[in-house]
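# Structural description and commentary
Chain by chain, the residues:
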Amino acid sequence: MTTVTVLRSEWTKFTTLRSQWFTPLLSVLLSVGLTLAVHLAYGDIDPSLTEDPTIGIYYGFNFGQVPLACFGVLLLGQEYNSGTVRSSLTAVPRRGLLYGGKLLLGTGVGLLVGLAGTAGSLLAVDDVIGVDFGAPGMVRSVVVGVLYCPLLVLFCLGVTAMLRNLTAAMGLLAPMVFLGTVMLAAIPGVRAVAQFLPDRAGQYAFRLETDPNIWFGHWTGLLIMAAWAALALYGGWRSLSRKDV
Amino acid sequence: MIQVQGLSKSYGETHAVDGLSFEVRPSQVTGFLGPNGAGKTTTMRMILGLDRPTAGQALIDGTPYAELTDPLRRVGALLDAHAVHGGRTARAHLLCLSRSNGIPDRRVDEVLTQVGLGEVARKRVKGFSLGMRQRLGVAAALLGDPPVLMLDEPVNGLDPEGIRWIRTLLRGLAAEGRAVLVSSHLMSEMALTADHLVVIGRGRLLADASTADFIAEHGRPRLRVRAVDPVKLADLLRSSELTAEPAEGGAWDVHGATGEEFARLAADHRVVLYEIAAQQDSLEEAFMRMTADSVEYRAVAA
């Protein structure tokens, strides 16, 4: 029982369950496919796509991040819901080792999704309307596009470890990450708070332009997202390391 | 060998397990008995480190389970046959476990064949019957060829063939020198399988003895007597100081006398007996009597 054998076991869990390998794949398909589709349809007529090209490049990711977050929840949520967390902990009773294995797998798969989704979207946009890779902030935007994905997976993994329940984690994360924040950001008073939510702060780091309504810089946005992920992972660890399963 | 030392688990005011100590020794099947809710499963979960004890400890050959290097090679456990993700195949489920402990993949195919699931190894568990899931759980327990095995209610919900299979398997594992702990609330099943019994009720140890000793101690001896004239026999029993209960067909179960004593008494009163047999309470009765005070939920007679 070492980090290597535990990672092999986690990789086996990942590849032998359809819902686990399919969700990251779907995430890449949605990110690249919808970005390509929107540029094919409106690329030459919609000026907003050229004003801040990152809005177009990451258009598909608005949808692609949903299955990716689901993947983060499923990693541990499926173990809690099926009861396999008990056989997993019987095989790997050092809870830190099991949690670390999940964390590494989630990071790795998240990075792959980030790389494939960002590269694919860039190539798609470049092919249709062209991308100015030298534009100020473009390199940052691409780096953030890759890093956002593992951070999102880790955030969802941590929240699920805290709640120890797949359905509860989905119920909390769906409105918090995807649906609610856009609407919250539309209410002037709430916007000041909403900008600090993980997906708002993280996605601001994608943008080339500076939004005067947002209190922090682009890189800080990614750091805020990372802080959320770290906080969730810590909370998840406290729950996993202390509670009976 | 499993050593349970002063193990306790409390949930607030409720003491699920209360100062439990016993050992599970190699080369024998130890039956872990108690009514539902007695604390058997909680004890097993604490042995595996899934639940934290409030006090005391459980050791595997002197080491807490959580500190074992490759625990599946030391202890094989079947706790809940349903704790399998239905979307995985039987083989994939076992690979997820075996690879974490560095057990070679071919061992997975070996144990699947051993439990009779070789044909369905690549089928999703979703379609498995309870009996098949139970066999898969046993396969998981056997993966690391461990010297200690622990099974929680393995015969629950099995058909007679499945029950006989488990019984033969457990006897075989003990014969190979392994320490086997198997919990059950069915005394009769344990009478056939276990060499040693650990009986608990309300989380406390009620008995820790060999099956034979347990019966000798707790099975009350009695005489089954039958007379040519049942009325005369009834009169005799009423006038004697013996306690007796009527049994089927005019027979009586008599306590407090040996066969010789009772034969002499009958002869003195000219009661002609045609049956007099020494009997022992069944293990089931001994168990019921012993745990009667410790049953947590009991149906109240109307």
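Notes on the structure follow.

Rules of the game
Residues numbered from 1 in each chain as written. Chains lettered and ligands numbered in written order. Predicted model: local features only at pLDDT ≥ 70, side-chain atom pairs only at ≥ 80, totals over all residues. Heavy atoms only, no water. Helix = DSSP H or I, 4+ residues; strand = E, 2+ residues; numbered from the N terminus. Buried < 20%, exposed > 50% of the residue type's maximum accessible area, 1.4 Å probe, protein only. Areas by Shrake-Rupley, 256 points an atom, 1.4 Å probe, with all protein chains shown as cover. Lys, Arg positive; Asp, Glu negative; His and termini not counted. Charge placed at Lys NZ, Arg CZ, Asp CG, Glu CD. Contact = heavy atoms within 4.5 Å. Phe/Tyr/Trp six-rings, centres within 6.5 Å; stacked < 30°, edge-to-face > 60°. Lys NZ or Arg CZ within 6 Å of the ring centre and 35° of its normal. 1 Å grid on protein atoms, 1.4 Å probe; cavity = no way out; pocket = protein on both sides within 12 Å on 5 of 7 lines; lining within 4 Å. Points joined across faces, edges and corners; volume = space filled by probe spheres on them. Nonpolar A, V, L, I, M, F, W, Y, C, P; charged D, E, K, R; others polar. Buried area = accessible area lost by both parts, 1.4 Å probe. Salt bridge = Lys/Arg side-chain N within 4 Å of Asp/Glu carboxyl O. Polar contact = N/O pair within 3.5 Å; in protein donor to acceptor, adjacent residues only side chain to side chain. Pairing = 2+ DSSP bridges. Core = buried A, V, L, I, M, F, W, Y, C linked by side-chain atoms within 4.5 Å.

### Some words on the overall build of chain B
Of the regular secondary structure elements, chain B holds 10 helices and 13 strands. Expressed along its principal axes, the backbone C-alpha trace of chain B runs to roughly 75 × 45 × 40 Å. Relative to its 302 residues, chain B shows a buried fraction of 51%. With the model as given, the accessible surface of chain B reaches about 13,800 Å², and the carbon-plus-sulfur share is 51%. Averaged over its 34 positive side-chain charges, chain B has a centre that lies 8 Å from the centre of its 38 negative ones.

### Here's the deal with the side chain of B:His196
All names here are of chain B. For His196, the location among the structural elements is in strand E8 (residues 196-201). By relative accessible area, His196 is classed as buried at 9%. Dropping the residues within four chain positions of it, His196 is found in contact with Arg25, Gln28, Val29, Thr30, Gly31, Asp208, Ala209, Ser210 and Thr211.

### Some thoughts on the packing of aromatic side chains
Under the criterion given, the structure shown has 14 aromatic pairs over all chains. For the pair B:Phe22 and B:Phe32, a centre-to-centre distance of 5.3 Å together with 45 degrees between the ring planes defines the contact as tilted. Taken together, the positions of B:Phe22 in strand E2 (residues 14-24) and B:Phe32 in strand E3 (residues 28-33) put the pair 10 residues apart, joining distant regions of the chain. Here B:Phe22 matches B:Phe32 in class, with each residue buried. Put simply, the rings of A:Tyr58, A:Phe61, A:Tyr148 and A:Phe206 pair up and form one aromatic cluster. Looking at B:Arg135, its charged tip hangs above the ring of B:Trp165, at a distance of 4.3 Å from the centre.

### Observations concerning empty space enclosed by the protein
Inspection of the entire model under this criterion finds 6 cavities of 30 Å³ or more. Approximately 280 Å³ is the volume found for the largest cavity. In this structure, the largest cavity is lined by 22 residues; those nearest its centre are A:Ser87, B:Ala77, B:Leu78, B:Leu79 and B:Asp80. The set of elements that each furnish at least two residues to the lining of the largest cavity consists of helix H6 (84-91) of chain A together with strand E5 (75-78), helix H2 (90-100) and helix H4 (130-142) of chain B. Along the lines of polarity and charge, the residues of the lining of the largest cavity split into 13 nonpolar, 6 polar and 3 charged.

### Topic: the interface of chain A and chain B
Quoted interface sizes are often the accessible area lost when the parts come together. In this assembly, 29 residues from chain A lie in contact with 33 residues from chain B. For the chain A face of the interface with chain B, the top three residues by lost area are A:Met1, A:Thr90 and A:Asp244, together amounting to 20%. The interface formed by chain A and chain B contains 1 salt bridge. A salt bridge links B:Lys9 to A:Asp244; the nearest nitrogen and oxygen atoms lie 2.6 Å apart. At the junction of chain A and chain B, the tally comes to 16 residue pairs in polar contact (both at pLDDT 80 or more). Contributions of two or more residues to the side of chain A that touches chain B are made by helix H1 (3-15), helix H5 (61-82), H6 and helix H12 (218-242) of chain A. Of all the elements, H6(A) adds the most residues to the side of chain A that touches chain B, at 7 residues. Considering only residue class, the side of chain A that touches chain B consists of 8 nonpolar, 12 polar and 9 charged.

### A closer look at the pairing of E8(B)
Residues and elements named next belong to chain B. Judged by how many residues are buried, E8 sits mostly within the fold: 6 of 6 residues are covered. In E8, alternate side chains face the same way, and those of His196, Val198 and Ile200 on one face and Leu197, Val199 and Gly201 on the other are all buried. In this structure, E3 lies alongside E8, joined through 4 bridges in parallel fashion. Opposite Leu33, over in E8, you have Val199 as the bridge partner. Bridging between E8 and strand E9 (residues 204-210) involves 6 bridges; their strand directions are antiparallel. Bridge pairing in E9 links Val198 to Asp208.

### Quick notes on the side chain of A:Thr84
Looking at the secondary structure, you find A:Thr84 in helix H6. Ignoring anything within four residues of it in the chain, the contact list for A:Thr84 reads A:Gln78, A:Glu79, B:Ala83, B:Val84 and B:His85.

### Focus: the pattern of salt bridges
Taken as a whole and judged by the stated rule, the model has 24 salt bridges over all chains. Here A:Arg200 and A:Asp199 are joined by a salt bridge, their closest N and O atoms 3.9 Å apart. A relative accessible area of 2% means that A:Asp199 is categorised as buried. A salt bridge links B:Asp195 to B:Arg171, with the shortest nitrogen-to-oxygen separation between them at 3.3 Å.

### Quick word on the nonpolar core
By size, the foremost hydrophobic cluster in this structure holds 130 residues, and its most contacted members are B:Ile2, B:Leu94, B:Leu136, B:Val138, B:Leu181 and B:Phe214. If you tally residues by element for this core, the top one is helix H8 (residues 138-163) of chain A, at 13 residues. Once residues within four sequence positions are removed from consideration, B:Leu181 is found in contact with B:Ile2, B:Phe22, B:Val24, B:Thr30, B:Phe32, B:Met44, B:Ile47, B:Leu149, B:Met150 and B:Leu151.

### Structural notes on the pairing of strand E11 (residues 243-246) of chain B
Residue and element names in this part refer to chain B. Judged from the 4 bridges that link them, E11 and strand E12 (residues 252-255) form a sheet pairing that is antiparallel. When the sheet's bridge partners are listed, Glu245 is paired in E12 with Asp253. The turn joining E11 and E12, which pair antiparallel and follow one another in sequence, is formed by 5 residues; a positive phi near 65 degrees is taken by Gly249.

### Things to note about unusual backbone geometry
Residue and element names in this part refer to chain B. With phi around 45 degrees, Glu153 is a residue other than glycine that occupies positive phi space. Relative to the assigned elements, Glu153 resides in the loop between strand E6 (148-152) and helix H5 (160-175). The backbone of Arg202 sits at a positive phi, close to 50 degrees, despite the residue not being glycine. For Arg202, the position within the fold is in the loop between E8 and E9.

### Describing the environment of A:Leu154
Residue and element names in this part refer to chain A. Mapped onto the fold, Leu154 is located in helix H8. Residues Leu154 and Val4, spaced 150 residues apart in sequence, show a C-alpha to C-alpha distance of 20 Å. The contacts of Leu154, once residues within four sequence positions are left out, are Leu103, Thr107, Ala229 and Leu233.

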